[in-house]
Amino acid sequence: MEPIFSMTTLQRNPGQVKSAAQDSVVRITEQGVGAYVFCSEEAFERRIAAEREDAAFEARLSEAVGRGIADIEAGRFTTSVDDAFQRAAELRRERA
């Protein structure tokens, strides 16, 4: 969970907030309500990189699920393990 500090803490003890912001995004509240986020450049870059990786993974997963649904709708599926291994062997031979 990301650290949360009040605006008062930021004003009275900025070193504490800056220290926490070196590692992650820090949330700043005003009168108990979320108002701002604060982080170091490095923490920001790490967050952006992680979000990019998550988005790419989600896109690949969505594509794979879509292909799976299309295969099922087209009747390209098996219902037994033996049939699945046999079909995999056939595909390997076709592509060799």
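Residues numbered from 1 in each chain as written. Predicted model: local features only at pLDDT ≥ 70, side-chain atom pairs only at ≥ 80, totals over all residues. Heavy atoms only, no water.

Draft legend 1. Representation of the pattern of salt bridges. Counted by the stated rule, this structure contains six salt bridges. Salt-bridge contacts for Glu-63 lead to Arg-67; the nearest nitrogen and oxygen are separated by 3.2 Å. Of this pair, Glu-63 and Arg-67 both sit in helix 3 (residues 41-73), four residues apart, roughly one helical turn. Glu-90 is the partner of Arg-87 in a salt bridge, and the nearest nitrogen-oxygen pair spans 3.4 Å. Here Arg-87 and its partner Glu-90 are both found in helix 4 (residues 81-95), three residues apart, which amounts to about one turn of the helix. What makes Arg-87 partly exposed here is its relative accessible area of 38%. For Glu-90, a relative accessible area of 26% puts it in the partly exposed group. (Salt bridge = Lys/Arg side-chain N within 4 Å of Asp/Glu carboxyl O. Helix = DSSP H or I, 4+ residues; strand = E, 2+ residues; numbered from the N terminus. Buried < 20%, exposed > 50% of the residue type's maximum accessible area, 1.4 Å probe, protein only.)

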